[in-house]
Amino acid sequence: MLDPSRDIHPLLRTGAVLGDGPDAAVPAHYGAPLREQRRLLNHRAVVDLGQFEVLEVSGADARTWLTTTTSQVLAGTPVGSSSSLAVLSPTGRVEHLASAVISAEDAVLLVLDADCRAGLRKYLGMMRFAARVELTDRDDLRVLGALAPASEVLPELGLPEPAAVWSEPWPQVAPGGIAYGPDPEDPVGAVLTVLDAAALADLPWKPEHLAGMTSWEALRIADHRARARREVDERSIPHELDLLRTTVHTTKGCYRGQETVAKVLNLGQPPRRLVMLHLDGSQDIPVAPGGEVRLENSDGKVVGTVTSAALHADLGPIALAVVRRAVPLDAGLSVQVLMSSSDGETTASWIDASQEPIVLSREHGARPATARL
């Protein structure tokens, strides 16, 4: 549920169909989802990410302190640079994810998924101790998503000077990172532009300027990128979601949960893995997050759960799912779709799906011999 204290209104209501779940406050589309997705792909539209939240960490110790409290190295990075970071539990579970931009020598802006800011702020507040830092909710800022900085996508609109622009060369492995699987076939990346909310609201928005969240989600899924409010649950470790690629710096040390990260990386395998599913579109039934994933067919063993789903302009219906590691990479899968009838009864239909691997088992090589006692 969205934070009721945040007053979120769509930048444009004309033709807007609002989303659901964590995206209930912003448009899912404006009447032509696939046309909007084409405009987004062609760098001619932006996405209203008003449900995303911004937290500012400022003060003389901001970057060094975040380096010690999160999974990423921010100390010594130049102003304007971007990265992804996580906060892990003592047992290595993913608790928080954020996109970070060094907005000034003594300030970092953290962009978080809907309703994720309060939890991170609470944790960081408990870890402040004597550090010279301040934590500020920046509800005066709003996030636009695109495949390039918003001012380059819509030069005619007169956008204000951004407070920050976040981007990273996805799927390139970040310094200190490790890929847990193959790159997506045709990655497009993502750029988040953070701007003054009031100034954005006053601009003369038109439907051709905007694409909805269904477009944004379709490109994210095809890019194999996990999202905090979709793919992360209470059991998630970074390896399962390919977060070691850009979000967890594996050599810096000194962060909570690093023992689990190192142990699984060097000796073990994650118990689950993220996978992209190509869904059978012949039945024309939309898949939703939460559906069961079964091995082979509807009578097969339950092996995972759909976390995200969308219709891609080129790939057709696709989804992300978290499945058990033991599921064979070439196995056919069946995805559950729950439907409600007019009399209130809920029935389940099943859609065939094929896998596009994202996370694979890691080859550790021969283990050293141990002494026999």
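Here we summarise the structure given alongside this text. These numbers come from a predicted model, not from an experiment. (Residues numbered from 1 in each chain as written. Predicted model: local features only at pLDDT ≥ 70, side-chain atom pairs only at ≥ 80, totals over all residues. Heavy atoms only, no water.)

For the largest pocket, the calculated volume is near 800 Å³. A class-by-class count of the residues in the lining of the largest pocket yields 18 nonpolar, seven polar and six charged. The volume enclosed by the second largest pocket comes to roughly 310 Å³. Along the wall of the second largest pocket there are 18 residues; nearest its centre are Gln72, Ser82, Ser83, Ala174 and Pro175. With three residues, the top contributor of residues to the lining of the second largest pocket is strand β5 (residues 82-88). Residue classes in the lining of the second largest pocket are distributed as seven nonpolar, ten polar and one charged. (1 Å grid on protein atoms, 1.4 Å probe; cavity = no way out; pocket = protein on both sides within 12 Å on 5 of 7 lines; lining within 4 Å. Points joined across faces, edges and corners; volume = space filled by probe spheres on them. Nonpolar A, V, L, I, M, F, W, Y, C, P; charged D, E, K, R; others polar. Helix = DSSP H or I, 4+ residues; strand = E, 2+ residues; numbered from the N terminus.)

Time to look at a positive patch on the surface. A surface patch of like charges, here positive, comprises Arg93, Arg235, Lys301 and Arg324. Tracing the sequence through the fold places Arg93 in the loop between β5 and β6 (94-104). (Patch = residues over 30% accessible without salt bridge, like charges linked within 9 Å, V, L, I, M, F, W, Y side chains within 5 Å. Areas by Shrake-Rupley, 256 points an atom, 1.4 Å probe, with all protein chains shown as cover. Salt bridge = Lys/Arg side-chain N within 4 Å of Asp/Glu carboxyl O. Lys, Arg positive; Asp, Glu negative; His and termini not counted. Charge placed at Lys NZ, Arg CZ, Asp CG, Glu CD.)

Before going further, it helps to spend a moment on the environment of Gln258. Along the polypeptide, Gln258 turns up in helix α7 (residues 258-266). Relative accessible area serves as the criterion here: at 26%, Gln258 is assigned to the partly exposed category. Considering only alpha carbons, one finds Gln258 and Val248, ten residues apart in sequence, at a separation of 9.3 Å. (Buried < 20%, exposed > 50% of the residue type's maximum accessible area, 1.4 Å probe, protein only.)

Right, let's talk about the sheet that holds strand β17 (residues 333-340) for a bit. A barrel is described by the order of its strands in space; here six strands give the closed sequence β13-β16-β15-β14-β17-β18, paired in antiparallel fashion. With direction set aside, neighbouring strand axes in the sheet form an average angle of 40 degrees. Two strands pair when backbone bridges link them, and strand β14 (residues 292-295) and strand β15 (residues 302-312) are joined in this way by three bridges, in the antiparallel orientation. Bridge pairing in β15 links Val293 to Gly304. Across the face of the sheet, helix α6 (residues 213-222) comes into contact with β13 (272-279), β15 and β16 (316-324) while running at roughly 125 degrees to β15. (Pairing = 2+ DSSP bridges. Axes fitted to C-alpha atoms, helices over the stretch in contact; angles between N-to-C directions. Contact = heavy atoms within 4.5 Å.)

The next subject is empty space enclosed by the protein. Under the definition given, this model contains two cavities of 30 Å³ or more. Estimated volume of the largest cavity: approximately 540 Å³. Ser99, Trp166, Arg225, Ala226 and Arg227 are, among the 32 residues lining the largest cavity, the residues nearest its centre. Per element, the largest residue contribution to the lining of the largest cavity is five residues, and it comes from α6. Within this model, the second largest cavity holds a volume of roughly 30 Å³. Lining the second largest cavity are Thr69, Thr70, Ser71, Ala86, Val87, Leu88, Tyr255 and Arg256. Among the elements that line the lining of the second largest cavity, the one with the most residues is β5, at three residues. Among the residues forming the lining of the second largest cavity, the class breakdown is four nonpolar, three polar and one charged.

Here the focus is the pairing of β5. Most of β5 is tucked away: six of the seven residues are buried. Taken together, β5 and the strand that follows it, β6, pair antiparallel across an intervening segment of five residues, in which Gly92 is found at a positive phi of about 85 degrees.

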